[in-house]
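# Summary of the model geometry
Each chain is listed here by its residues.
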Number of protein chains: 2
Amino acid sequence: MALFTLCLVFLQCLVAITGYPKDFNGKTNFVVLLMDDMGWGDLGVYGEPNRETPNMDQMAAEGVLLPDFYSANPLCSPSRASLLSGRLPIRNGFYTTNMRGRNAYTPQDIMGGIPDYEILLPEILKEHGYRSKIIGKWHLGQQPQYLPHNHGFDEFFGAPNCHFGPYNNKNTPNVPVYKDANMEGIEFIEAQTQKSEPFFLYWAADATHGPMYASKPFLGKSARGLYGDAVIELDYGVGQILSTLKRLGIAEQTLVFFSSDNGAATYAKLEGGSNGPFLCGKETTFEGGMREPTIAWWPGNIPPGKVRFTDLGWEYFVMVLHHFMEHPNHEKRYCINFNACVFVHRPIFYYRGDLLMAVRVGNYKAHLWTWANSLEEFQKGTDFCPGQNVQNMTVRQQEDHSQQPLLFNLAKDYGEKYQIKPNSAEYKSVIPKITAAVKEHLDHLKKGEPQLNYCDDAVMNWAPPGCKEIGQCLPIPPSNKQLCYWPH
Amino acid sequence: MALFTLCLVFLQCLVAITGYPKDFNGKTNFVVLLMDDMGWGDLGVYGEPNRETPNMDQMAAEGVLLPDFYSANPLCSPSRASLLSGRLPIRNGFYTTNMRGRNAYTPQDIMGGIPDYEILLPEILKEHGYRSKIIGKWHLGQQPQYLPHNHGFDEFFGAPNCHFGPYNNKNTPNVPVYKDANMEGIEFIEAQTQKSEPFFLYWAADATHGPMYASKPFLGKSARGLYGDAVIELDYGVGQILSTLKRLGIAEQTLVFFSSDNGAATYAKLEGGSNGPFLCGKETTFEGGMREPTIAWWPGNIPPGKVRFTDLGWEYFVMVLHHFMEHPNHEKRYCINFNACVFVHRPIFYYRGDLLMAVRVGNYKAHLWTWANSLEEFQKGTDFCPGQNVQNMTVRQQEDHSQQPLLFNLAKDYGEKYQIKPNSAEYKSVIPKITAAVKEHLDHLKKGEPQLNYCDDAVMNWAPPGCKEIGQCLPIPPSNKQLCYWPH
């Protein structure tokens, strides 16, 4: 996000110095390819054994691989709110206080959404003459005041919510579903190129979130089953978008960023993806929950085939974005060049709902709290860590380690299996840095108003556009505001 | 092995047809780069998050990746005996019958070794005019009759055994240790090229087996610690060998095969490697124990950057090798071209000692027996599956499932977490094929005389060459033949 913002600034500086080509008014276009529930281990280039993602792998070969890039949250809505705002969910309000440390998102009956005071990437870009389009899943609130058009996007083709059911149930209105093959951004790219107007395309594909599906040409293509079919379809889409940029001759003016919103849904078992060697998955603050398969691609600007370690997350951008917005002349301090833009090490804060669960500083990660999922849910068959069992980590009730955090070296021990002993010199030298990072974070933290506390059936999408014409508008029930239920 | 044998034959056919360049008498050289205890997940190209193996990754980019290639055993000696003989340990004698299903190898006091009736790859190649050299770890028996010179190798620089201690203990003679930097094969390659005599180099590096070490220039280079330093040193060695082949202009006449002897030693915790997304590691018949990081490289003959699925192991070569040796005119049936040579699907048999634990047919793997390691060893701190826990799989006593095997689809479920239900149609359709494969295997199985049953301190290397000169020969104790102890 701010990555793009700041690199944009950098390019503007470049224009002044070198005389950048006139296309797109000298601006760089931005494309964010955001996968849904795709795991770090789902790409061939990240070690998926079936190697079924030739286009993503090729993107990596032509761009830079970011093996330790993090989402800001292990769940969809909060992660996406951070991506577009550059601010942690605890700041932008995408969390709940109904129960401590519970994940929350935006189902159809949610009352909250992205607050007006959050400045989203397309809003900033608009000031710089960009046109922005979101294709796919919005997920930042479905009431009119929260929809993309009211937060900087010029165009929106997709759905405000997740596509899971129940379908055709008169107690729950339908959510539009667009198969990924229809979610193409090529026409938008072509139109913007013809106009020579800089653009931001936010391609937030609907798959690979459950329930699984793939378009007909991709069904049965994967050795991995339906999940793999969906990955192959997305891989095809990525290939189409990149080849469009090449065909139009605008690859060097377009920075494409590929990532996922959270870890693979390990609880979905064979209908979910792979987090490679990492612990657990979606919904958790272990590495499997928030480390994302990330690639940046920008021919002529990013040298091909490289790997960069960033221990970077959207959280890092918070301060940068703030500095930029509050002190417009400070931008050079943060973005002298692309590398400086991306490769500044900052702590990663792993939140679950309102609870700061873990912190990464350099290669060290300290767990202040640990939790897999509740015993109650586990006994009903939900397991966020199937086949995995690490003492004090994959536990069934929230464990407080804030007085003596569980410490791991993620470079050596990315599986988070071997705790560094609290009486070791290593532990004693590292913990003060962690403590200082946590203190600084909390000292400066201004929590946003929690947006995900209240639900009301009355706010659901009972009467979507077009329902009158087909006589299918459903009656809106009386308002019944109540606390949302967040079991995870 | 037979891979090389048969591709050799193929090239000879090619010579007859196309008039191959005269170098090396028209023969193709073979280099096997065999890692020790390196895991599938230890290479960047196989998803290691720190990406510290640029030369191995480049080898893959220039060659073909084989993501489901298997060793013939989850332990060093039996795996190596299979590599050179093309026959499973149960046939070549590299197993024990002291206790059911126990792994065994060749410590210093072992009485057995590679039997004379086994025809090793260098013996076959010798008949074709090759000169063969082993550099590194032999591990097929240390008594004179078992040493490399008596089994086809013309040159041997390395150690007959593992390098682990005790060192400088008069009750246990030392084993020579050669650091990997000294284990270079470049001089041999240069000398053979100058003579234009075809060669087989078996580079069986000593690292990354414990205890860990790395040469000075590599110490501290890895973010992963000493284990990673050792990997980086090996990666450097691989780079040196491949660049030598290119520099001498003989890359197109040299097939290089990179693999490992077994899975990473997960029990060694942070001093062991990574098996990526697979279950458990060395010593086990789960995927982590036997699936190897494998690359074949042969410029001009193998197209670059490809991936091939083989569900292939040395066991496959058994029949091929036999057919070839017994019926010399049948070779074309098996090796019309390189792809046909490698990409014929055969069952994989996973043995632990004398016990057939599991079988892979196509993408399906059936566990007839499961076992991690004993409760006794586990309670002493040895764990072959740290951080992992799969019901009925990672168990602490041997469980017999031969009447109703535990079935997994390895393409979808390479972590072996989600058993296919025995009452499912899928199970019912697959199991008969598995049963047939097992029956055929057992019907044709002629077990070798077990070589790893007896130990005797008297056979240890008390008086190695040169000990007299330095007055350090140790007295040979009286013979005391007894059953070896195999706890795993």
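Residues numbered from 1 in each chain as written. Chains lettered and ligands numbered in written order. Predicted model: local features only at pLDDT ≥ 70, side-chain atom pairs only at ≥ 80, totals over all residues. Heavy atoms only, no water.

## Quick notes on the overall build of chain A
Along the backbone of chain A there are 13 helices and 19 strands. Relative to its 488 residues, chain A shows a buried fraction of 64%. For chain A, contacts bridging at least 24 residues in sequence account for 74% of all contacts bridging at least 6. Here chain A displays about 18000 Å² of accessible surface, and carbon together with sulfur accounts for 52% of that area. (Helix = DSSP H or I, 4+ residues; strand = E, 2+ residues; numbered from the N terminus. Buried < 20%, exposed > 50% of the residue type's maximum accessible area, 1.4 Å probe, protein only. Contact = heavy atoms within 4.5 Å. Areas by Shrake-Rupley, 256 points an atom, 1.4 Å probe, with all protein chains shown as cover.)

## Quick word on the pairing of strand β17 (residues 406-409) of chain A
For a regular strand, the rule is simple: side chains alternate between the two faces of the sheet. All names here are of chain A. Residues Leu 406 and Phe 408 line one face of β17 and the alternating positions Leu 407 and Asn 409 line the opposite face, and both faces are buried. The pairing of strand β14 (residues 364-367) with β17 spans four bridges and is antiparallel. Along β17, the bridge assignment pairs Lys 365 with Phe 408. (Pairing = 2+ DSSP bridges.)

## Some words on helix α6 (residues 186-195) of chain B
Residue and element names in this part refer to chain B. Restricting attention to buried positions, one finds in α6 the residues Ile 186, Phe 188, Ile 189, Gln 192 and Thr 193. Buried residues along α6 cover an arc of 165 degrees about the axis, so they all sit on one side. Residues of α6 that are exposed and point over 90 degrees away from its buried face: Glu 187 and Gln 194. Where α6 is buried, its residues touch β4 (131-137), β5 (155-159), β6 (199-204) and α7 (226-247). (Arc of directions from axis to C-beta.)

## Quick notes on the state of the cysteines
Residue and element names in this part refer to chain A. Overall, the coordinates contain six disulfides over all chains when judged by the stated rule. Linked covalently through their sulfurs, Cys 455 and Cys 484 form a disulfide whose S-S length is 2.0 Å. Here the disulfide of Cys 455 and Cys 484 is right-handed, its torsion about the S-S bond being about 105 degrees. In this pair, Cys 455 sits in strand β18 (residues 454-455) while Cys 484 sits in the segment after β19 (482-483), placing the two residues 29 residues apart along the sequence. We classify Cys 455 as buried; its relative accessible area is 8%. (Disulfide = S-S within 2.5 Å.)

## Brief notes about the relation of the copies chain A and chain B
Mapping chain A onto chain B leaves a residual RMSD of 0.0 Å; the transformation is a rotation of 180 degrees accompanied by 0.0 Å of translation along its axis. When the rotation and shift are considered jointly, the pair of chain copies conforms to a two-fold rotation axis. By residue overlap, the copies meet face to face through one surface: 100% of the interface positions of chain A are interface positions in chain B. (Least-squares fit on C-alpha atoms with pLDDT ≥ 70 in both.)

## Some words on the packing of helix α6 (residues 186-195) of chain A against helix α7 (residues 226-247) of chain A
Residue and element names in this part refer to chain A. It is at 10 Å that the axes of α6 and α7 come closest, and there the two elements cross at 20 degrees. Taken as axis vectors, α6 and α7 run roughly parallel relative to one another. The interaxial crossing formed by α6 with α7 has right-handed handedness. Seen from α6, the contacting residues are Ile 186, Ile 189 and Glu 190; seen from α7, they are Gln 240, Ile 241, Thr 244, Leu 245 and Arg 247. (Axes fitted to C-alpha atoms, helices over the stretch in contact; angles between N-to-C directions. Parallel < 35°, antiparallel > 145°, perpendicular 65-115°, else oblique. Left-handed = near helix turned anticlockwise from the far one by under 90°.)

## Quick look at helix α3 (residues 76-85) of chain B
The buried fraction of α3 of chain B amounts to ten of the ten residues, a majority that puts the element mostly inside the structure. Within the span of α3 of chain B, buried status applies to Cys 76, Ser 77, Pro 78, Ser 79, Arg 80, Ala 81, Ser 82, Leu 83, Leu 84 and Ser 85 of chain B.

## A short note on the sheet that holds strand β4 (residues 131-137) of chain A
Residue and element names in this part refer to chain A. Pairing is mixed in the open sheet, where eight strands are placed in the order β5-β4-β6-β1-β7-β9-β2-β10. A single partner strand is all that each edge strand has here, and the edge strands are β5 (155-159) and β10 (306-307). Here five bridges tie strand β1 (residues 29-35) to strand β6 (residues 199-204), and the two strands are oriented parallel to one another. Within β6, the position partnered with Leu 34 by the bridge is Ala 204. Contacts from helix α2 (residues 54-62) reach β1, β2 (64-65), β7 (254-260) and β9 (295-297) within the one sheet, and its direction differs from that of β9 by about 65 degrees.

## Some remarks on the interface of chain A and chain B
Listed by partner, the interface residues are 35 residues for chain A and 35 residues for chain B. Summed over both partners, the interface of chain A with chain B buries about 2800 Å², with 61% contributed by carbon and sulfur atoms. Counting the surface chain A buries against chain B, the share from its top three residues, Pro 49, Arg 51 and Tyr 418 of chain A, is 23%. Summed over the shared surface of chain A and chain B, the result is zero salt bridges. At the boundary of chain A with chain B, the tally comes to twelve residue pairs in polar contact (both at pLDDT 80 or more). Classifying every residue of the side of chain A that touches chain B gives 17 nonpolar, ten polar and eight charged. (Buried area = accessible area lost by both parts, 1.4 Å probe. Salt bridge = Lys/Arg side-chain N within 4 Å of Asp/Glu carboxyl O. Polar contact = N/O pair within 3.5 Å; in protein donor to acceptor, adjacent residues only side chain to side chain. Nonpolar A, V, L, I, M, F, W, Y, C, P; charged D, E, K, R; others polar.)

## A look at unusual backbone geometry
The amide bond that connects Gly 210 of chain A to the next residue, Pro 211 of chain A, takes the cis arrangement and shows omega of -5 degrees. Its place among the elements puts Pro 211 of chain A in the loop between β6 and α7. Cis geometry is adopted by the peptide bond preceding Thr 208 of chain B, which originates at Ala 207 of chain B and carries an omega value of 10 degrees. Mapped onto the secondary structure, Thr 208 of chain B falls in the loop between β6 and α7. In this model, Arg 51 of chain B sits at a positive phi of 50 degrees, which is unusual for a non-glycine residue. Tracing the backbone shows Arg 51 of chain B in the loop between β1 (29-35) and α2 (54-62). Although it is not a glycine, His 139 of chain B sits at a positive phi angle of roughly 70 degrees. Inspection of the secondary structure puts His 139 of chain B in the loop between β4 and β5. Overall, His 139 of chain B belongs to the buried group, its relative accessible area being 0%.

## Quick look at the confidence of the model for chain A
Caution is warranted with low-pLDDT regions, since their predicted coordinates should not be read in detail. Residues and elements named next belong to chain A. Looking at chain A, the pLDDT average stands at 86 and 85% of residues meet or exceed 70. Overall, residues 1-22 carries pLDDT values under 50, and its contacts beyond four positions in sequence, including any with other chains, amount to 58 contacts. pLDDT under 50 marks residues 314-343. Its contacts with residues more than four places away, or in other chains, come to 78 contacts. (pLDDT = per-residue confidence, 0-100.)

## What about the packing of aromatic side chains?
Taken as a whole and judged by the stated rule, the model has 30 aromatic pairs over all chains. Members of the aromatic cluster, each reached through a chain of ring pairs, are Trp 40, Tyr 46, Phe 278 and Tyr 414 of chain A. One cation-aromatic arrangement involves Lys 365 of chain A over Tyr 350 of chain A; the distance from NZ or CZ to the ring centre is 3.9 Å. Against the face of Tyr 454 of chain B rests Lys 481 of chain B, its NZ or CZ located 4.3 Å from the ring centre. (Phe/Tyr/Trp six-rings, centres within 6.5 Å; stacked < 30°, edge-to-face > 60°. Lys NZ or Arg CZ within 6 Å of the ring centre and 35° of its normal.)

## Details of empty space enclosed by the protein
Taken as a whole, this structure holds five cavities of 30 Å³ or more when the rule is applied. A volume near 780 Å³ is recorded for the largest cavity. For the largest cavity, the lining is made up of 48 residues, of which Gly 276 and Pro 277 of chain A together with Gly 276, Pro 277 and Gln 388 of chain B are closest to its centre. A class-by-class count of the residues in the lining of the largest cavity yields 21 nonpolar, 17 polar and ten charged. (1 Å grid on protein atoms, 1.4 Å probe; cavity = no way out; pocket = protein on both sides within 12 Å on 5 of 7 lines; lining within 4 Å. Points joined across faces, edges and corners; volume = space filled by probe spheres on them.)

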